[in-house]
Amino acid sequence: MRAYYFDNLPGDQRLPHDYIPSRPVSAEKLTEINVKFWQIPVEGYEPKVDAVAKERGYKNRDLINVTKEGLGDIYEEKIKSFFEEHMHEDEEIRYILSGSGFFDVRESPSDEWIRIAVEPGDLLVIPAGIYHRFTLDENNAIKALRLFQDEPKWVPYNRGPETEVNVHRVQYLKTIGVGA
């Protein structure tokens, strides 16, 4: 996993969008915004991912295969919806089994995008209430294990005035020391 500030230049969302020179983001900065991550080799991953799942109270899981073949007719619609800036009322937990892509998370209070490049073996926890988005990279494929605390669900709340006062957004900002 590699994290850096997104350059915000127009162009294909699947490109790296890294500043030249790069503006890396440290593990400490990710911890400050409550993004958690582990590197767990894919070979023999199950016991280690199970241990993290147990520790964090994740009871359910499924697989998502984000490819044209895997998603079929809804591929374009899903790719577009994943890249809309949104938040969730639950953590978003992904363990990358194959392929690669980018999770972009909003740093608060600066509102800058931090791009997190993920590849096989990366386990990423995006906290409830943080604005984020996802895109494939130029390889156009990723297979991930999705972990859930309760029933599998993925409900995005696109950024807007309503999300600014959402209890999970407000709690997230308080957790990282931003806002009242």
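Further up the page is the structure itself.
Residues numbered from 1 in each chain as written. Predicted model: local features only at pLDDT ≥ 70, side-chain atom pairs only at ≥ 80, totals over all residues. Heavy atoms only, no water.

A. Layout of helix α6 (residues 167–175). If you check which residues of α6 are buried, you get Arg 169, Tyr 172 and Leu 173. Down the axis of α6, the buried side of the element spans an arc of 95°, and every buried residue falls inside it. For α6, the elements touching its buried residues are β4 (86–87) and α5 (161–164). Downstream of α6 by a residue or two, Gly 177 has a phi angle that is positive, lying close to 80°. (Buried < 20%, exposed > 50% of the residue type's maximum accessible area, 1.4 Å probe, protein only. Helix = DSSP H or I, 4+ residues; strand = E, 2+ residues; numbered from the N terminus. Arc of directions from axis to C-beta. Contact = heavy atoms within 4.5 Å.)

B. Layout of the sheet that holds strand β5 (residues 92–99). An order of β2-β8-β5-β10-β3 is seen for the 5 strands of this open sheet, with the pairing classed as antiparallel. Edge positions in the sheet fall to β2 (36–39) and β3 (60–66), since each has one partner strand and no second. Averaged over neighbouring strand pairs, the angle between their axes works out to 20° when direction is ignored. Inspection of the sheet shows β5 paired to strand β8 (residues 122–126) by 4 bridges, in the antiparallel sense. Pairing of Glu 92 across the sheet is with Ile 126, part of β8. (Pairing = 2+ DSSP bridges. Axes fitted to C-alpha atoms, helices over the stretch in contact; angles between N-to-C directions.)

C. Quick peek at the pattern of salt bridges. A complete count under the given rule lists 16 salt bridges for this structure. Where Arg 115 meets Asp 104, a salt bridge forms, and the shortest distance between an N and an O atom there is 2.7 Å. Of this pair, Arg 115 sits in strand β7 (residues 113–118) while Asp 104 sits in strand β6 (residues 101–106), and the two are 11 residues apart along the sequence. Of the two residues examined, Arg 115 and Asp 104, each falls in the buried class. One connected set of salt bridges, linked through shared partners, spans Glu 85, Arg 106, Asp 111, Arg 159 and Glu 164. (Salt bridge = Lys/Arg side-chain N within 4 Å of Asp/Glu carboxyl O.)

D. Broad picture of the packing of aromatic side chains. All told, the structure shown has 3 aromatic pairs when counted by the stated rule. Here Phe 82 and Phe 134 contribute two aromatic rings whose centre-to-centre distance is 6.1 Å and whose plane-to-plane angle is 70°, an arrangement assigned as edge-to-face. Taken together, the positions of Phe 82 in helix α4 (residues 75–83) and Phe 134 in strand β9 (residues 132–136) put the pair 52 residues apart, joining distant regions of the chain. Classification of Phe 134 by relative accessible area gives buried; the value is 9%. Each ring, one from Phe 103 and one from Phe 134, has its centre 4.8 Å from the other, and the planes form 50°; the classification is tilted. Linking Phe 103 in strand β6 with Phe 134 in strand β9, this pair joins segments that are 31 residues apart in sequence. Summarising the burial analysis for this pair, Phe 103 and Phe 134 share the class buried. These aromatic residues form a ring-pair network of at least three members: Phe 82, Phe 103 and Phe 134. In this structure, Arg 115 is placed above the aromatic ring of Phe 102, and the distance from its NZ or CZ to the ring centre is 4.2 Å. (Phe/Tyr/Trp six-rings, centres within 6.5 Å; stacked < 30°, edge-to-face > 60°. Lys NZ or Arg CZ within 6 Å of the ring centre and 35° of its normal.)

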